Every structure is written in structure tokens, then in C-alpha cells.
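Architecture at a glance
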Amino acid sequence: MATEHLGDRVARLRRLADLTQEGLSERSGVSVDVIRKLEQHRKHSARLPTLHSLAKGLGVELTALLGDPPGVPSSGDAEPPQLVAVRRAIMPPMFAPPIEPRGVERLSLPLLRAELAEGWTLYHAAEFGRLMDMLPGIIEDARLLAAVGSADQRAAGHAALGKALQLGGHLAIRLGKTDLGLSALERAYAAAGNSSDPLLAPMVSNSVAWAYQRQARLDDARNLAVHAADGVEREDTGTPEGIRVWGGLLMSAATSYARSDDYETANDMMVTAEKAAGRLATLPPPAEGKLVSVFSRSSVRIERVRLAVQHERPQEALTLSKGIRLSKDTPPSWRTWLLLDVARAHTDMGDAAGAVGALESLRRVAPGWMRHHTLAVAVVSDLWNGAARPPGLRRLAEFLGVAN
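Model, not experiment: these values are computed from the prediction. (Residues numbered from 1 in each chain as written. Predicted model: local features only at pLDDT ≥ 70, side-chain atom pairs only at ≥ 80, totals over all residues. Heavy atoms only, no water.)

1. Quick look at the overall build of the protein
A count of helical and extended segments in the protein gives 20 helices and zero strands. At 22 Å, the protein has a C-alpha radius of gyration in line with the 22 Å of a compact globule built from 404 residues. In terms of principal-axis extent, the alpha carbons of the protein reach across some 70 × 50 × 40 Å. Counting the 404 residues in the protein, one finds 53% classified as buried. In the protein, 67% of the contacts between residues at least 6 apart in sequence involve partners at least 24 apart. By element, 52% of the accessible surface of the protein is carried by carbon and sulfur atoms, the whole surface being about 18400 Å². (Helix = DSSP H or I, 4+ residues; strand = E, 2+ residues; numbered from the N terminus. Rg over C-alpha atoms; globule rule 2.2 N^0.38 Å. Buried < 20%, exposed > 50% of the residue type's maximum accessible area, 1.4 Å probe, protein only. Contact = heavy atoms within 4.5 Å. Areas by Shrake-Rupley, 256 points an atom, 1.4 Å probe, with all protein chains shown as cover.)

2. Remarks on the packing of aromatic side chains
Applying the stated criterion across every chain yields a total of two aromatic pairs. With 5.7 Å between their ring centres and 80° between their planes, Trp-120 and Tyr-123 make a pair best called edge-to-face. Taken as a pair, Trp-120 and Tyr-123 lie in helix α6 (residues 109–124) at a separation of three residues, close to a single helical turn. Across the pair, Tyr-123 and Trp-120 agree in class, each one buried. Tyr-123 gets classed as buried once you look at its relative accessible area, which sits at 7%. Across the ring face of Tyr-212, the terminal group of Arg-217 is positioned such that the distance to the ring centre comes to 3.9 Å. The ring of Trp-337 carries Arg-306 above its face, with NZ or CZ at 4.4 Å from the centroid. (Phe/Tyr/Trp six-rings, centres within 6.5 Å; stacked < 30°, edge-to-face > 60°. Lys NZ or Arg CZ within 6 Å of the ring centre and 35° of its normal.)

3. Focus on α6
Helix length check: α6, at 16 residues, gives a terminal C-alpha distance of 23 Å against a target of 22 Å (1.5 Å per residue), a fit within 8%. Residues Leu-112, Arg-113, Leu-116, Ala-117, Gly-119, Trp-120, Leu-122, Tyr-123 and His-124 constitute the buried set of α6. Residues of α6 that are buried make contact with α7 (128–145), α8 (151–174), α10 (200–214) and α16 (332–348). Positive phi appears at Ala-126, one or two residues downstream of α6, with a value of about 60°. (Expected span 1.5 Å × (residues − 1).)

4. A short note on the packing of helix α5 (residues 81–90) against α7
Pairs of packed helices are described in terms of their axes, by the angle between the two and the distance that separates them. Between α5 and α7, the least distance of the axes is 9 Å, while the angle of their chain directions is 20°. The orientation of α5 relative to α7 falls into the category roughly parallel. The crossing of α5 and α7 is left-handed. Between α5, through Gln-82, Leu-83, Ala-85, Val-86, Ala-89 and Ile-90, and α7, the contact on the second element is made entirely by Gly-129, Met-132, Asp-133, Leu-135, Pro-136, Ile-139 and Arg-143. (Axes fitted to C-alpha atoms, helices over the stretch in contact; angles between N-to-C directions. Parallel < 35°, antiparallel > 145°, perpendicular 65-115°, else oblique. Left-handed = near helix turned anticlockwise from the far one by under 90°.)

5. Observations concerning the environment of Arg-389
Tracing the sequence through the fold places Arg-389 in the loop between α19 (374–384) and α20 (393–400). On a C-alpha basis, the gap between Arg-389 and Arg-113 in space is 49 Å, while along the polypeptide they are 276 residues apart. Only 2.9 Å separates the side chain of Arg-389 from the backbone oxygen of Trp-384, close enough to count as a polar contact. (Polar contact = N/O pair within 3.5 Å; in protein donor to acceptor, adjacent residues only side chain to side chain.)

6. Remarks on the side chain of Asn-206
Within the secondary structure layout, Asn-206 lies in helix α10. For Asn-206, a relative accessible area of 15% corresponds to the buried category. Only 3.3 Å separates the side chain of Asn-206 from the backbone oxygen of Gly-248, close enough to count as a polar contact. Those residues in contact with Asn-206 that lie beyond four places of it in its chain are Gly-248, Leu-249 and Ser-252.

7. Description of the confidence of the model for the protein
Overall, the predicted model of the protein reaches an average pLDDT of 86, with 91% of residues at or above 70. Low pLDDT (under 50) marks residues 70–75, which in the prediction has 10 contacts with non-local residues, meaning those over four places away or in another chain. (pLDDT = per-residue confidence, 0-100.)

8. Some thoughts on the environment of Leu-375
Relative to the helices and strands, Leu-375 is located in helix α19. Classification of Leu-375 by relative accessible area gives buried; the value is 9%. C-alpha of Leu-375 to C-alpha of Trp-337: the two residues are 38 residues apart in sequence and 10.0 Å apart in space.

9. Considering unusual backbone geometry
Outside of glycine, negative phi angles account for most residues, and trans bonds account for most peptide bonds. One non-glycine residue, Asp-18, lies in positive phi territory at about 55°. Here Asp-18 shows up in the loop between α1 (6–16) and α2 (21–28). Taking relative accessible area as the criterion, Asp-18 reaches 71% and is therefore assigned exposed.

10. Here we look at the side chain of Arg-14
Counting through the fold element by element, Arg-14 comes out in helix α1. Within polar-contact distance, the side chain of Arg-14 engages the backbone oxygen of Leu-19 at 2.9 Å. Contacts of Arg-14, omitting those with residues within four sequence positions, involve Leu-19, Thr-20, Gln-21, Leu-24, Glu-39 and Leu-58.

11. Side note on the nonpolar core
Counting residues in hydrophobic clusters, the biggest one holds 110 residues, and the most contacted among them are Leu-340, Leu-359 and Met-370. Ignoring anything within four residues of it in the chain, the contact list for Leu-359 reads Leu-340, Ala-343, Met-370, Val-379, Val-380, Leu-383 and Leu-396. Leu-6, Val-10, Leu-58 and Leu-65 belong to the second largest nonpolar core, which has 14 residues in total. (Core = buried A, V, L, I, M, F, W, Y, C linked by side-chain atoms within 4.5 Å.)

12. Quick word on the packing of helix α17 (residues 352–365) against α20
The interhelical angle for the contact between α17 and α20, taken along N-to-C directions, is 45°, at an axis separation of 10 Å. Between α17 and α20, the angle falls in the class oblique. When the axes of α17 and α20 are compared, the crossing they make is left-handed. Of α20, the residues touching α17 (which contributes Val-356, Leu-359, Glu-360 and Arg-363) are Leu-393, Arg-395, Leu-396 and Phe-399.

In C-alpha cells form, the structure reads like this:
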């Protein structure tokens, strides 16, 4: 699945839906010519609006066409034991005996929150195997802390439980288990309602909006993000934590606008977000930055580059990418997306050498991520099939298995 050509995915899903190429064209609004070129490997990639249209026409989630690094395909095979353990932690078995409060004296909220921060670090580094190993224990410990002690201690435990379940939701979605992810996020939202953290519910809402985007439920995603952002703006935008949560929600809403082909509104919102991110420079950093929404000047600019590329504005994307100074809290996953988007922009501009330069940087930064990502393979394939093959391209094509 990781290296399957986009056109092969389209053809396989089209046949499963019992559609001809003409039928898919009618359902999706994508021309028969584009569908035919994809399936015949004469076209190796497609713009995000086209992918959304194809997914809608096929009746599948966008992730069925475009995977994430590295995931677990929904092949119908039995799930690996690691994932079963995560599923069981998120959704405990019915009629299970209550958790015995053994070893409570060994648990502490600071230790648990440190483990949560490490878990989010692994997630952003795409270290999903290691995260699956540690997450069930984190969720179990958080459930225990949410059930014992004084009212204040239980509220703090619920805050940790909400973050643990939010992390479980993100992991499940990355592994292609969107329904499990949404179930985890529903439980996270419930925990947030019993917690001591007023920003946890809007952070979970942002995660749900992201899940809706992946299901092409763009109106639902936008409405949820705007509603949650309005609530944060009324209550708490004077702290660095509040600004980061509000800004993350604003970026999410903007992304939904962009994917609905309203690029101008999305860009206006991104400019507003970038100005708000400037306020963070005047404030002390959050005490637990890894447990708060990703939001900074660099993250906003990275997202603006992505949206420009997806809307066929490569020169604008390259202009936006110049001079980005990545903050220390920019996760590795965001850095790798930036390099891939810059490579795509160079490719669209006909600058094969510039694209290869960005891709070589991507390979140095995240070789495992690059090898598994469909977009990286598609960009290198486009370059390999182009008229010019600049130095370094063969090494990349061999690394990704597209050289012939």
C-alpha cells in the first residue's frame, strides 16, 4: 500500500464501487481524461481539490487515496497486537472488573504528564510503533488518577486522561482507523468536561475538526473550529496557552475554507493567525509546550506554503517559504511537510534542480517518513519521468524504488 501508484488506487476503488471511468467522472466532476491518465500511469499525482472530488465520487475517505507515513492499511487482516492493545485501552471491554488502585503511590501527575509529552514527541516524529507500545499504559494510569483522590486531584487526572485519549485519537487516525480515532476523541472531550483545564475541550475540538477534514466533511470541520475558536477568544487569549489554542483553531478553519476552494478567505485568516503568533514573542513560553496546540509564526507560514501549493500557486508558495525561521517547538512532521511542499512548488515551476535540492534535504531529515509517503513518491516519479534529470535525482529515485 505504501508504494502503490495513485492511479492503481483509483482503479481498484472504482472497481469496488462498480463504476466505469465515465461513471466516476460523472459522480466526482473530475474529467474522464484525468482519471484515465492516472490509471494508465501517465499522470502521477493530482491536486488536493481533485483528490477530494475523487474520494467523494468513490464514497471513500481521502486517506483511501492518499496515505500518511507510515500507516497500517485497512486490508481486512487481523490487527497487530500493538494496535489491539491501543484499541482496548481506548475502549475498555464491557463488564470488565473495576481497576484496582494498586500502585497508586507510585503514580504521580508530573510523571504522567512527562510521559504524555514524550508520547506527543514520538507521534510528531512518526515513531508510531514505539508510541503504540507505551500509550496503553499511559491511558490506564490516567484513568486511575482520574478515579482516585480529592476532587481537585481527580480533575487533574481527567485533564491527563483527556490528553492521553486525544493522543490515542491522533494515532488511530494516522494508522487509518478513523472511526476508532473519533471514538477516542469523543472520550477525550468527555474527560475534558470533568477536567481542570479549560483549554482542553477546544484542543480536542481541533483534533475532531482535523478528523472531519480527512473525511471530506469540510463544512463540519470549519463550523466546529470556528465555534471553538470563538469560545477561546471570549475566555482566554491573554495567555500563551490561550493564544496557541485559538491560533491552532483559526488555522484549522482556514484549511477547511481552502479545501472548499475559498482560498482568499483562507489566506485572510492565515494572515490574521500569523499576526497573532507574533504576540507569543512577548510572552513566556507555556510551561508544558508539548501538551498545547502547535502554533507559532513558523507553523502558520508552513501551513500557508502548503495551501498555496495545493491551490496551484507555486511561486507564492516559494515566496512564503523564504526566510522561514523554524522555532524550536516546530515538530519534525511539520518540518518534513515544508520540505515536501517546497519540492512540489519547484516541480510545478519547472525547476527540477530546486525540487531535488529540497527532496535531498527531506531525505536527510526524515528518510523513513519520505520512503512511506505517497506524495514524496509522486513528486520524485514526476521528476524522473520529466525531460531533465538533475544531479541527485537518480539517488532519490532508487531510494524510493521508482527508478527504471
